[in-house]
Amino acid sequence: MTDITDLVDIENGQLNGQIFHDQAIYEMELEKVWRRAWCMLAHDSMIPKKGNFIQNFIGEDPVLVVRQKDGGVKAFLNQCRHRGMRICRFDKGTAKAFTCSFHGWSYDLEGKLVQVPHQEAAYPESFDRADHSAVAVPRIEYYKGFWFGTWDEDAPPFEEYLGSAKYYLDGYIDRWDEGMEAVAFHRWVLPNNWKYMAEQPTSDMQHSEITHVSAASVLNKASDAADRTLRGKEPKGRQFFSDYGHGGAWFGLKGAEVPNTGKAMQKWESEPEVAAMVERRLGDNREVRGHLNIWPTFMVLGNYTIRVTHPRGPHEQEVWAWTFVPKEAPEEIRDSIRKDVLRTFTPGGMFEADDALNWEEMQQVLRGKVARDSGFSYQMIGAPIEWDAECYPGGSSAHVFSDNAALNMYSNYLDMMTSDSWDELKAKRAEHRMGAN
Ligand code: FES
Ligand SMILES: [Fe+2]
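Residues numbered from 1 in each chain as written. Chains lettered and ligands numbered in written order. Predicted model: local features only at pLDDT ≥ 70, side-chain atom pairs only at ≥ 80, totals over all residues. Heavy atoms only, no water.

- Comment text from UniProt for the protein chain, heading Sequence similarities (unreviewed entry), reads "Belongs to the bacterial ring-hydroxylating dioxygenase alpha subunit family." (UniProt positions renumbered as here; feature names shortened; annotations may be inferred.)

### Thoughts on the overall build of the protein chain
- A tally of helices and strands in the protein chain yields 15 helices and 22 strands.
- Against the 2.2 N^0.38 benchmark of 22 Å for 437 residues, the protein chain shows a C-alpha radius of gyration of 22 Å, consistent with a compact globule.
- Considering only C-alpha atoms, the protein chain reaches an extent of 80 × 55 × 40 Å along its principal axes.
- Per-residue burial for the protein chain yields a buried fraction of 55% across its 437 residues.
- Restricting the contact set of the protein chain to residue pairs at least 6 apart, pairs at least 24 apart contribute 66%. (Helix = DSSP H or I, 4+ residues; strand = E, 2+ residues; numbered from the N terminus. Rg over C-alpha atoms; globule rule 2.2 N^0.38 Å. Buried < 20%, exposed > 50% of the residue type's maximum accessible area, 1.4 Å probe, protein only. Contact = heavy atoms within 4.5 Å.)

### Notes on the UniProt feature "domain: Rieske" (unreviewed entry) in the protein chain
- In the numbering used here, UniProt assigns the "domain: Rieske" (unreviewed entry) feature to residues 38-120.
- Span residues 38-120 is 2% helix and 41% strand, its end C-alpha atoms 41 Å apart.

### A look at the domain arrangement of the protein chain
- Here the domain parsing of the protein chain yields domain 1 (4-36 + 162-431) and domain 2 (39-142).
- Computed over C-alpha atoms, the centres of domain 1 and domain 2 are 32 Å apart.
- With 17 residues of domain 1 at the interface, the matching set in domain 2 holds 12 residues.
- Counting across the interface, domain 1 meets domain 2 through 2 salt bridges.
- At the boundary of domain 1 and domain 2, one finds 6 residue pairs in polar contact (both at pLDDT 80 or more).
- Of all the secondary-structure elements, those providing two or more residues to the side of domain 1 that touches domain 2 are α1 (23-34), β13 (180-190), β18 (305-311) and β19 (317-326).
- The leading source of residues in the side of domain 1 that touches domain 2 is β13, at 4 residues.
- Of the residues assigned to the side of domain 1 that touches domain 2, the class counts are 12 nonpolar, 2 polar and 3 charged. (Domains from an automatic or database assignment. Salt bridge = Lys/Arg side-chain N within 4 Å of Asp/Glu carboxyl O. Polar contact = N/O pair within 3.5 Å; in protein donor to acceptor, adjacent residues only side chain to side chain. Nonpolar A, V, L, I, M, F, W, Y, C, P; charged D, E, K, R; others polar.)

So, in C-alpha coordinates, the structure goes:
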(Lines give C-alpha, C1' and ligand atoms only; values in the text may rest on other atoms or scores of the structure.)
(Ligands and ions follow the chains in the order given, each with its own letter.)
Protein backbone atom coordinates (compact mmCIF):
# COMPACT_ATOMS: atom_id res chain seq x y z
CA MET A 1 0.00 0.00 0.00
CA THR A 2 1.16 3.50 -0.74
CA ASP A 3 2.12 5.52 2.31
CA ILE A 4 -0.94 7.53 3.37
CA THR A 5 1.25 10.59 3.97
CA ASP A 6 1.94 10.65 0.22
CA LEU A 7 -1.78 10.72 -0.52
CA VAL A 8 -2.91 13.55 1.75
CA ASP A 9 -0.95 16.72 1.09
CA ILE A 10 -2.42 19.37 3.36
CA GLU A 11 0.25 21.95 2.70
CA ASN A 12 -0.43 22.01 -1.03
CA GLY A 13 -4.15 21.27 -0.82
CA GLN A 14 -3.97 18.03 -2.82
CA LEU A 15 -5.63 14.69 -2.12
CA ASN A 16 -4.98 11.52 -4.05
CA GLY A 17 -7.99 9.51 -5.24
CA GLN A 18 -6.68 6.36 -3.55
CA ILE A 19 -8.04 7.48 -0.20
CA PHE A 20 -11.54 7.10 -1.65
CA HIS A 21 -10.85 3.80 -3.37
CA ASP A 22 -8.18 1.64 -1.81
CA GLN A 23 -9.23 -1.39 0.26
CA ALA A 24 -6.10 -1.38 2.43
CA ILE A 25 -6.65 2.27 3.32
CA TYR A 26 -10.23 1.46 4.19
CA GLU A 27 -9.13 -1.32 6.55
CA MET A 28 -6.79 1.17 8.19
CA GLU A 29 -9.68 3.63 8.59
CA LEU A 30 -11.71 1.02 10.45
CA GLU A 31 -8.84 0.63 12.90
CA LYS A 32 -7.52 4.16 13.19
CA VAL A 33 -10.61 6.30 12.68
CA TRP A 34 -13.68 4.28 13.54
CA ARG A 35 -12.18 2.46 16.48
CA ARG A 36 -11.07 5.73 18.01
CA ALA A 37 -13.62 8.46 17.25
CA TRP A 38 -16.77 9.37 19.16
CA CYS A 39 -19.86 8.27 17.22
CA MET A 40 -23.54 9.04 17.71
CA LEU A 41 -25.40 6.01 19.06
CA ALA A 42 -28.92 7.24 19.71
CA HIS A 43 -31.12 10.14 20.70
CA ASP A 44 -33.33 9.97 23.78
CA SER A 45 -36.43 10.03 21.60
CA MET A 46 -35.33 6.83 19.81
CA ILE A 47 -35.17 4.78 23.02
CA PRO A 48 -37.36 6.62 25.56
CA LYS A 49 -38.40 3.68 27.78
CA LYS A 50 -36.54 0.98 29.63
CA GLY A 51 -35.83 -2.00 27.40
CA ASN A 52 -36.09 0.11 24.24
CA PHE A 53 -33.19 -0.55 21.90
CA ILE A 54 -31.87 0.26 18.47
CA GLN A 55 -29.16 -1.42 16.51
CA ASN A 56 -26.66 1.16 15.35
CA PHE A 57 -23.10 0.97 14.03
CA ILE A 58 -19.70 2.31 14.95
CA GLY A 59 -17.97 2.02 11.63
CA GLU A 60 -18.86 -1.48 10.44
CA ASP A 61 -19.34 -2.85 13.96
CA PRO A 62 -23.01 -3.34 14.85
CA VAL A 63 -23.92 -2.22 18.35
CA LEU A 64 -27.09 -2.64 20.36
CA VAL A 65 -27.92 0.59 22.15
CA VAL A 66 -30.24 -0.15 25.04
CA ARG A 67 -32.15 1.96 27.56
CA GLN A 68 -31.42 0.50 30.98
CA LYS A 69 -33.75 0.01 33.92
CA ASP A 70 -32.12 2.94 35.74
CA GLY A 71 -32.71 5.29 32.79
CA GLY A 72 -29.12 5.17 31.56
CA VAL A 73 -27.98 3.80 28.23
CA LYS A 74 -25.52 1.02 27.51
CA ALA A 75 -24.22 -0.27 24.23
CA PHE A 76 -22.52 -3.48 23.26
CA LEU A 77 -21.37 -5.28 20.15
CA ASN A 78 -24.27 -7.08 18.53
CA GLN A 79 -22.30 -10.28 18.23
CA CYS A 80 -22.93 -13.45 20.18
CA ARG A 81 -19.91 -14.65 22.15
CA HIS A 82 -20.80 -18.24 21.30
CA ARG A 83 -20.19 -18.47 17.55
CA GLY A 84 -20.53 -14.90 16.44
CA MET A 85 -24.15 -14.71 15.30
CA ARG A 86 -25.80 -11.29 15.42
CA ILE A 87 -27.43 -11.41 18.85
CA CYS A 88 -30.46 -9.37 17.86
CA ARG A 89 -31.65 -9.24 14.27
CA PHE A 90 -34.12 -6.41 14.74
CA ASP A 91 -33.27 -2.79 14.04
CA LYS A 92 -35.26 -1.56 17.00
CA GLY A 93 -37.74 -2.73 19.57
CA THR A 94 -38.28 -3.39 23.25
CA ALA A 95 -36.71 -6.31 25.08
CA LYS A 96 -36.33 -7.82 28.53
CA ALA A 97 -33.37 -9.84 27.27
CA PHE A 98 -31.72 -10.71 23.97
CA THR A 99 -31.68 -14.36 22.97
CA CYS A 100 -29.46 -15.42 20.12
CA SER A 101 -31.43 -17.23 17.45
CA PHE A 102 -28.63 -19.72 16.66
CA HIS A 103 -28.23 -21.81 19.87
CA GLY A 104 -30.11 -19.71 22.37
CA TRP A 105 -27.53 -17.92 24.51
CA SER A 106 -29.29 -15.05 26.30
CA TYR A 107 -27.98 -11.65 27.27
CA ASP A 108 -29.53 -9.11 29.61
CA LEU A 109 -30.05 -5.43 28.82
CA GLU A 110 -26.44 -4.65 29.76
CA GLY A 111 -25.07 -7.35 27.47
CA LYS A 112 -24.23 -9.78 30.28
CA LEU A 113 -24.61 -13.44 29.37
CA VAL A 114 -27.37 -14.71 31.66
CA GLN A 115 -28.40 -18.05 30.22
CA VAL A 116 -26.74 -20.85 28.25
CA PRO A 117 -28.83 -23.85 27.19
CA HIS A 118 -27.67 -27.10 28.81
CA GLN A 119 -25.04 -25.34 30.85
CA GLU A 120 -25.28 -27.62 33.87
CA ALA A 121 -25.51 -30.87 31.95
CA ALA A 122 -23.17 -30.23 29.05
CA TYR A 123 -20.56 -27.67 30.12
CA PRO A 124 -17.74 -28.15 32.62
CA GLU A 125 -18.00 -26.40 35.98
CA SER A 126 -15.17 -24.11 34.98
CA PHE A 127 -17.36 -22.48 32.34
CA ASP A 128 -18.26 -19.05 33.69
CA ARG A 129 -20.94 -17.00 31.94
CA ALA A 130 -19.29 -13.84 33.25
CA ASP A 131 -16.40 -14.48 30.86
CA HIS A 132 -18.71 -14.28 27.87
CA SER A 133 -20.58 -11.00 28.12
CA ALA A 134 -21.14 -9.18 24.87
CA VAL A 135 -18.28 -6.78 24.10
CA ALA A 136 -19.25 -3.50 25.75
CA VAL A 137 -18.76 -0.09 24.18
CA PRO A 138 -16.45 1.07 26.96
CA ARG A 139 -17.09 4.80 26.82
CA ILE A 140 -20.55 6.30 26.49
CA GLU A 141 -21.45 9.93 27.10
CA TYR A 142 -24.64 11.91 27.04
CA TYR A 143 -24.80 15.26 25.32
CA LYS A 144 -28.02 17.29 25.11
CA GLY A 145 -30.33 14.45 24.17
CA PHE A 146 -27.80 12.39 22.24
CA TRP A 147 -25.75 9.38 23.35
CA PHE A 148 -22.27 9.04 21.92
CA GLY A 149 -19.88 6.13 22.21
CA THR A 150 -16.30 5.22 21.39
CA TRP A 151 -14.35 1.98 21.47
CA ASP A 152 -11.25 3.83 22.63
CA GLU A 153 -10.88 3.95 26.41
CA ASP A 154 -8.28 6.69 26.06
CA ALA A 155 -10.40 9.05 23.98
CA PRO A 156 -10.82 12.52 25.51
CA PRO A 157 -14.19 13.32 27.12
CA PHE A 158 -16.83 13.99 24.48
CA GLU A 159 -16.98 17.74 25.14
CA GLU A 160 -13.23 18.01 24.76
CA TYR A 161 -13.54 16.09 21.48
CA LEU A 162 -16.20 18.56 20.35
CA GLY A 163 -14.02 21.52 21.27
CA SER A 164 -15.29 24.72 19.72
CA ALA A 165 -17.79 22.73 17.64
CA LYS A 166 -19.88 22.63 20.82
CA TYR A 167 -20.96 26.24 20.27
CA TYR A 168 -22.24 25.51 16.77
CA LEU A 169 -23.78 22.14 17.63
CA ASP A 170 -25.66 23.76 20.51
CA GLY A 171 -27.04 26.24 17.99
CA TYR A 172 -28.92 23.36 16.41
CA ILE A 173 -29.76 20.97 19.21
CA ASP A 174 -30.11 23.15 22.30
CA ARG A 175 -32.50 25.84 21.07
CA TRP A 176 -35.77 24.86 22.70
CA ASP A 177 -36.75 24.31 26.33
CA GLU A 178 -38.42 20.97 25.69
CA GLY A 179 -35.78 19.74 23.30
CA MET A 180 -36.46 17.90 20.10
CA GLU A 181 -37.50 14.48 18.93
CA ALA A 182 -36.96 12.25 15.92
CA VAL A 183 -40.19 11.85 13.95
CA ALA A 184 -39.04 10.16 10.75
CA PHE A 185 -36.21 7.90 9.68
CA HIS A 186 -34.79 6.97 6.29
CA ARG A 187 -31.85 4.76 5.45
CA TRP A 188 -30.30 4.05 2.10
CA VAL A 189 -27.13 2.77 0.51
CA LEU A 190 -25.00 4.86 -1.82
CA PRO A 191 -22.28 3.47 -4.09
CA ASN A 192 -19.50 5.76 -2.96
CA ASN A 193 -16.94 6.42 -0.25
CA TRP A 194 -18.20 7.74 3.09
CA LYS A 195 -15.80 10.69 3.13
CA TYR A 196 -17.52 12.30 0.14
CA MET A 197 -20.59 12.80 2.27
CA ALA A 198 -18.69 13.75 5.43
CA GLU A 199 -16.80 16.46 3.60
CA GLN A 200 -19.87 18.21 2.30
CA PRO A 201 -21.54 19.54 5.47
CA THR A 202 -18.10 20.09 6.94
CA SER A 203 -16.96 22.43 4.25
CA ASP A 204 -18.48 22.45 0.80
CA MET A 205 -21.23 25.03 0.50
CA GLN A 206 -20.02 26.16 -2.89
CA HIS A 207 -21.40 23.15 -4.75
CA SER A 208 -24.90 24.24 -3.79
CA GLU A 209 -24.91 27.15 -6.23
CA ILE A 210 -24.18 24.78 -9.13
CA THR A 211 -25.25 21.25 -8.18
CA HIS A 212 -28.51 22.30 -6.57
CA VAL A 213 -29.52 25.27 -8.66
CA SER A 214 -32.32 23.46 -10.52
CA ALA A 215 -33.72 21.82 -7.41
CA ALA A 216 -33.53 25.10 -5.51
CA SER A 217 -35.53 26.92 -8.15
CA VAL A 218 -38.15 24.15 -8.38
CA LEU A 219 -38.49 24.04 -4.61
CA ASN A 220 -38.62 27.81 -4.45
CA LYS A 221 -35.76 27.75 -1.97
CA ALA A 222 -33.38 30.62 -1.76
CA SER A 223 -31.37 30.25 -4.96
CA ASP A 224 -29.68 33.47 -3.87
CA ALA A 225 -26.29 31.81 -4.01
CA ALA A 226 -26.61 31.09 -7.72
CA ASP A 227 -28.17 34.49 -8.39
CA ARG A 228 -25.33 36.22 -6.64
CA THR A 229 -22.79 34.22 -8.59
CA LEU A 230 -24.45 35.14 -11.87
CA ARG A 231 -24.28 38.76 -10.80
CA GLY A 232 -20.60 38.34 -9.97
CA LYS A 233 -21.17 38.91 -6.26
CA GLU A 234 -19.81 36.94 -3.34
CA PRO A 235 -22.27 35.49 -0.83
CA LYS A 236 -22.41 36.41 2.82
CA GLY A 237 -21.66 33.69 5.26
CA ARG A 238 -18.99 31.97 7.23
CA GLN A 239 -17.25 28.69 7.71
CA PHE A 240 -15.83 27.22 10.88
CA PHE A 241 -13.71 24.23 11.88
CA SER A 242 -12.21 22.79 15.02
CA ASP A 243 -9.27 20.62 15.92
CA TYR A 244 -10.63 17.09 15.61
CA GLY A 245 -11.96 17.49 12.09
CA HIS A 246 -15.37 19.01 12.76
CA GLY A 247 -16.62 21.78 10.52
CA GLY A 248 -19.60 23.66 9.26
CA ALA A 249 -20.71 26.59 7.19
CA TRP A 250 -23.71 28.77 6.71
CA PHE A 251 -25.02 31.46 4.42
CA GLY A 252 -25.79 34.81 5.99
CA LEU A 253 -24.49 36.10 9.27
CA LYS A 254 -26.00 36.55 12.68
CA GLY A 255 -29.29 38.33 12.27
CA ALA A 256 -28.95 38.34 8.49
CA GLU A 257 -31.94 38.03 6.22
CA VAL A 258 -30.68 34.99 4.38
CA PRO A 259 -32.39 32.07 6.07
CA ASN A 260 -30.69 28.81 6.86
CA THR A 261 -33.75 26.85 7.83
CA GLY A 262 -37.08 25.95 6.30
CA LYS A 263 -39.88 28.48 6.23
CA ALA A 264 -41.99 26.70 8.85
CA MET A 265 -39.22 26.80 11.42
CA GLN A 266 -38.54 30.45 10.68
CA LYS A 267 -42.20 31.30 11.05
CA TRP A 268 -42.47 29.57 14.40
CA GLU A 269 -39.19 30.98 15.70
CA SER A 270 -40.23 34.50 14.72
CA GLU A 271 -43.08 34.39 17.25
CA PRO A 272 -41.97 36.70 20.06
CA GLU A 273 -42.07 34.17 22.89
CA VAL A 274 -40.26 31.53 20.84
CA ALA A 275 -37.65 34.04 19.69
CA ALA A 276 -37.15 35.07 23.32
CA MET A 277 -36.69 31.44 24.36
CA VAL A 278 -34.08 30.82 21.69
CA GLU A 279 -32.24 34.00 22.57
CA ARG A 280 -32.32 33.19 26.28
CA ARG A 281 -30.90 29.74 25.62
CA LEU A 282 -28.32 30.55 22.98
CA GLY A 283 -27.61 34.23 22.74
CA ASP A 284 -25.33 34.70 19.79
CA ASN A 285 -25.63 31.11 18.64
CA ARG A 286 -29.05 31.54 17.25
CA GLU A 287 -28.35 32.31 13.62
CA VAL A 288 -25.42 30.03 12.95
CA ARG A 289 -27.36 27.23 11.34
CA GLY A 290 -26.41 25.84 7.96
CA HIS A 291 -24.56 22.56 7.68
CA LEU A 292 -22.40 20.94 10.33
CA ASN A 293 -20.43 17.73 10.63
CA ILE A 294 -19.01 16.33 13.82
CA TRP A 295 -16.21 14.07 12.64
CA PRO A 296 -16.43 11.44 11.41
CA THR A 297 -20.06 11.46 10.25
CA PHE A 298 -22.54 13.00 12.68
CA MET A 299 -24.19 15.51 10.38
CA VAL A 300 -26.70 18.21 11.17
CA LEU A 301 -28.37 20.12 8.38
CA GLY A 302 -30.24 23.35 8.92
CA ASN A 303 -33.65 22.00 8.02
CA TYR A 304 -33.23 19.35 10.72
CA THR A 305 -32.20 16.25 8.96
CA ILE A 306 -29.72 14.81 11.44
CA ARG A 307 -27.82 11.82 10.22
CA VAL A 308 -24.88 9.51 10.35
CA THR A 309 -23.38 7.61 7.49
CA HIS A 310 -21.85 4.21 8.04
CA PRO A 311 -18.89 3.07 5.96
CA ARG A 312 -19.55 -0.08 3.94
CA GLY A 313 -16.25 -0.73 2.26
CA PRO A 314 -14.31 1.89 0.31
CA HIS A 315 -16.99 2.12 -2.37
CA GLU A 316 -20.20 2.16 -0.38
CA GLN A 317 -21.87 3.98 2.47
CA GLU A 318 -25.14 3.49 4.31
CA VAL A 319 -26.91 6.68 5.29
CA TRP A 320 -29.16 6.81 8.35
CA ALA A 321 -31.11 10.04 8.46
CA TRP A 322 -33.62 11.17 11.04
CA THR A 323 -35.90 14.17 10.85
CA PHE A 324 -35.99 16.09 14.10
CA VAL A 325 -38.60 18.60 15.20
CA PRO A 326 -38.94 20.81 18.28
CA LYS A 327 -41.10 18.98 20.82
CA GLU A 328 -43.04 22.08 21.76
CA ALA A 329 -43.78 23.35 18.24
CA PRO A 330 -47.40 23.19 17.04
CA GLU A 331 -48.30 20.15 14.97
CA GLU A 332 -48.55 22.05 11.67
CA ILE A 333 -45.01 23.38 12.13
CA ARG A 334 -43.66 19.93 12.98
CA ASP A 335 -45.43 18.44 10.00
CA SER A 336 -44.15 21.14 7.72
CA ILE A 337 -40.55 20.55 8.87
CA ARG A 338 -40.99 16.81 8.25
CA LYS A 339 -42.31 17.39 4.74
CA ASP A 340 -39.58 19.89 3.96
CA VAL A 341 -36.94 17.28 4.84
CA LEU A 342 -38.85 14.68 2.83
CA ARG A 343 -38.74 16.90 -0.25
CA THR A 344 -35.08 17.79 0.10
CA PHE A 345 -32.79 15.48 2.10
CA THR A 346 -34.21 11.96 1.95
CA PRO A 347 -33.40 9.31 -0.69
CA GLY A 348 -36.15 10.75 -2.90
CA GLY A 349 -35.35 14.31 -1.88
CA MET A 350 -34.22 16.67 -4.59
CA PHE A 351 -31.00 17.94 -3.01
CA GLU A 352 -30.06 14.46 -1.88
CA ALA A 353 -30.46 13.08 -5.40
CA ASP A 354 -28.23 15.85 -6.76
CA ASP A 355 -25.49 15.03 -4.26
CA ALA A 356 -25.76 11.28 -4.75
CA LEU A 357 -25.23 11.66 -8.49
CA ASN A 358 -21.98 13.57 -7.99
CA TRP A 359 -20.59 11.06 -5.52
CA GLU A 360 -21.55 8.06 -7.64
CA GLU A 361 -19.87 9.53 -10.71
CA MET A 362 -16.75 10.44 -8.74
CA GLN A 363 -16.51 6.90 -7.41
CA GLN A 364 -17.01 5.33 -10.83
CA VAL A 365 -14.30 7.47 -12.39
CA LEU A 366 -11.94 6.14 -9.73
CA ARG A 367 -12.19 2.66 -11.26
CA GLY A 368 -9.60 3.89 -13.73
CA LYS A 369 -5.99 3.47 -12.69
CA VAL A 370 -4.93 6.82 -14.10
CA ALA A 371 -7.92 8.52 -12.49
CA ARG A 372 -7.04 6.94 -9.17
CA ASP A 373 -3.55 8.34 -9.20
CA SER A 374 -4.49 11.87 -10.12
CA GLY A 375 -4.80 14.59 -7.51
CA PHE A 376 -7.82 16.59 -6.37
CA SER A 377 -7.68 20.27 -5.51
CA TYR A 378 -8.48 21.69 -2.09
CA GLN A 379 -6.96 25.08 -2.74
CA MET A 380 -9.87 27.47 -2.20
CA ILE A 381 -8.17 28.92 0.85
CA GLY A 382 -8.16 32.59 0.01
CA ALA A 383 -10.23 33.65 3.00
CA PRO A 384 -7.89 34.19 5.96
CA ILE A 385 -8.37 31.96 8.99
CA GLU A 386 -9.22 33.66 12.27
CA TRP A 387 -9.03 31.83 15.57
CA ASP A 388 -11.70 32.48 18.18
CA ALA A 389 -13.11 35.54 16.47
CA GLU A 390 -15.86 37.36 18.33
CA CYS A 391 -18.99 35.16 18.31
CA TYR A 392 -17.18 32.49 16.29
CA PRO A 393 -15.15 30.12 18.45
CA GLY A 394 -12.63 27.84 16.77
CA GLY A 395 -11.05 28.45 13.41
CA SER A 396 -13.22 30.32 10.97
CA SER A 397 -13.13 32.26 7.75
CA ALA A 398 -15.37 35.12 6.74
CA HIS A 399 -16.28 33.46 3.46
CA VAL A 400 -18.83 30.67 3.28
CA PHE A 401 -17.01 29.24 0.25
CA SER A 402 -13.72 27.84 1.44
CA ASP A 403 -11.72 24.61 1.55
CA ASN A 404 -10.25 25.47 4.93
CA ALA A 405 -12.64 23.23 6.85
CA ALA A 406 -12.17 20.36 4.38
CA LEU A 407 -8.41 20.62 4.69
CA ASN A 408 -8.76 20.67 8.45
CA MET A 409 -10.92 17.54 8.22
CA TYR A 410 -8.32 15.74 6.12
CA SER A 411 -5.49 17.00 8.29
CA ASN A 412 -7.23 15.40 11.26
CA TYR A 413 -7.87 12.29 9.14
CA LEU A 414 -4.18 12.01 8.29
CA ASP A 415 -3.19 12.49 11.92
CA MET A 416 -5.63 9.79 13.01
CA MET A 417 -4.38 7.41 10.33
CA THR A 418 -0.77 7.92 11.39
CA SER A 419 -1.24 7.89 15.18
CA ASP A 420 -1.19 4.86 17.43
CA SER A 421 -2.86 6.50 20.41
CA TRP A 422 -4.98 9.44 21.42
CA ASP A 423 -1.94 10.98 23.13
CA GLU A 424 -0.05 10.93 19.87
CA LEU A 425 -3.07 12.27 18.01
CA LYS A 426 -3.58 15.12 20.46
CA ALA A 427 0.04 16.18 20.11
CA LYS A 428 -0.20 16.12 16.32
CA ARG A 429 -3.43 18.11 16.28
CA ALA A 430 -1.90 20.80 18.47
CA GLU A 431 1.05 20.99 16.11
CA HIS A 432 -1.08 20.98 12.95
CA ARG A 433 -3.68 23.53 13.96
CA MET A 434 -4.81 25.06 10.67
CA GLY A 435 -3.87 28.67 10.19
CA ALA A 436 -2.25 28.97 13.60
CA ASN A 437 1.33 28.28 12.57
S1 FES B 1 -24.01 -18.21 18.02
FE2 FES B 1 -25.30 -17.35 19.49
S3 FES B 1 -25.97 -19.01 20.64
FE4 FES B 1 -24.63 -19.90 19.19
FE1 LIG C 1 -25.45 19.13 -1.62
